[in-house]
Amino acid sequence: GRASMSPILDVFITLIHLGKNGLTELRERRIRLITYFQTALEKIAIKYGERLLDTGQKNTISFAVTLNRLGDENQEEVTRFGSMVFTRGISGSRVVSKRMSKTVAGTSFEGYGASYSNYHSHYITAACSIGITKEEIDILATRLEKCFAEAYSKILNKAVPANCEVRKK
């Protein structure tokens, strides 16, 4: 194929620049921040009647929060939530609808984008990746909270919590 060398070169230069000690420090900082990251997501999930999904003990990078209160069958609202996340600059996360299906070359994929077909929940993913800082986690939590506040106030016709700001259109 015609794969580009650029990403490989970028990683190589970054690793050379960081050195063993720099890379080890970034990894250790990420490990120290895992609980803080999980707690930030869980607080938001609980506030909106959702839950932090158990992604397994061996997975300490990727986390997911359910989006079931958007509606069990409501594909449109789940997609809209994903759009809100994107427009607020939350990069790297992914919103997955349990009802998404795609047909590729005549083959139908149910639960497209999820780990497997017929997953029990809509969800949003977030990663506590290497290089993350406490300040970045706080920014993520603030932006994600605004998404939940806006989406859930519209869908559930309930008041937005006092400490949340809703963007007016």
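Cut-offs applied
Residues numbered from 1 in each chain as written. Predicted model: local features only at pLDDT ≥ 70, side-chain atom pairs only at ≥ 80, totals over all residues. Heavy atoms only, no water. Pairing = 2+ DSSP bridges. Helix = DSSP H or I, 4+ residues; strand = E, 2+ residues; numbered from the N terminus. Phe/Tyr/Trp six-rings, centres within 6.5 Å; stacked < 30°, edge-to-face > 60°. Buried < 20%, exposed > 50% of the residue type's maximum accessible area, 1.4 Å probe, protein only. Axes fitted to C-alpha atoms, helices over the stretch in contact; angles between N-to-C directions. Contact = heavy atoms within 4.5 Å.

**Some thoughts on the pairing of strand β4 (residues 107–110)**
Right, on to step 1. For strand β3 (residues 101–104) and β4, the ladder comprises 4 bridges, and the chain directions are antiparallel. Following the sheet pairing, T103 is matched in β4 by S108.
Right, on to step 2. Where β3 hands over to β4, the hairpin turn is made up of 2 residues, of which A105 adopts a positive phi near 50°.

**A closer look at the packing of aromatic side chains**
Right, on to step 1. Scanning the model with the defined rule gives 6 aromatic pairs in all.
Right, on to step 2. Note on Y119 and Y123: the rings are 5.3 Å apart at their centroids and 65° apart in plane angle, and the pair reads as edge-to-face. Each member of the pair, Y119 as well as Y123, is classed as buried.
Right, on to step 3. Ring-pair connections join several aromatic residues into one group, and the members of that group are Y48, F81, F148 and Y152.

**A short note on the sheet that holds strand β5 (residues 123–127)**
Right, on to step 1. Read from one edge of the open sheet, 3 strands run β1-β5-β2, paired in antiparallel fashion. Two strands close off the open sheet at either side, each with one partner strand: β1 (62–66) and β2 (94–96). Put simply, the sheet's adjacent strands are angled 25° from each other on average, direction ignored.
Right, on to step 2. Where β1 meets β5, 5 bridges bridge the pair, whose relative direction is antiparallel. Residue pairing across strands places F63 opposite A126, the latter belonging to β5.
Right, on to step 3. Against the sheet, helix α1 (residues 6–47) engages β1 and β5, with an angle of about 10° to β1.
Right, on to step 4. Packing of helix α2 (residues 75–87) onto the sheet brings it into contact with β2 and β5, and relative to β2 it is tilted by some 175°.

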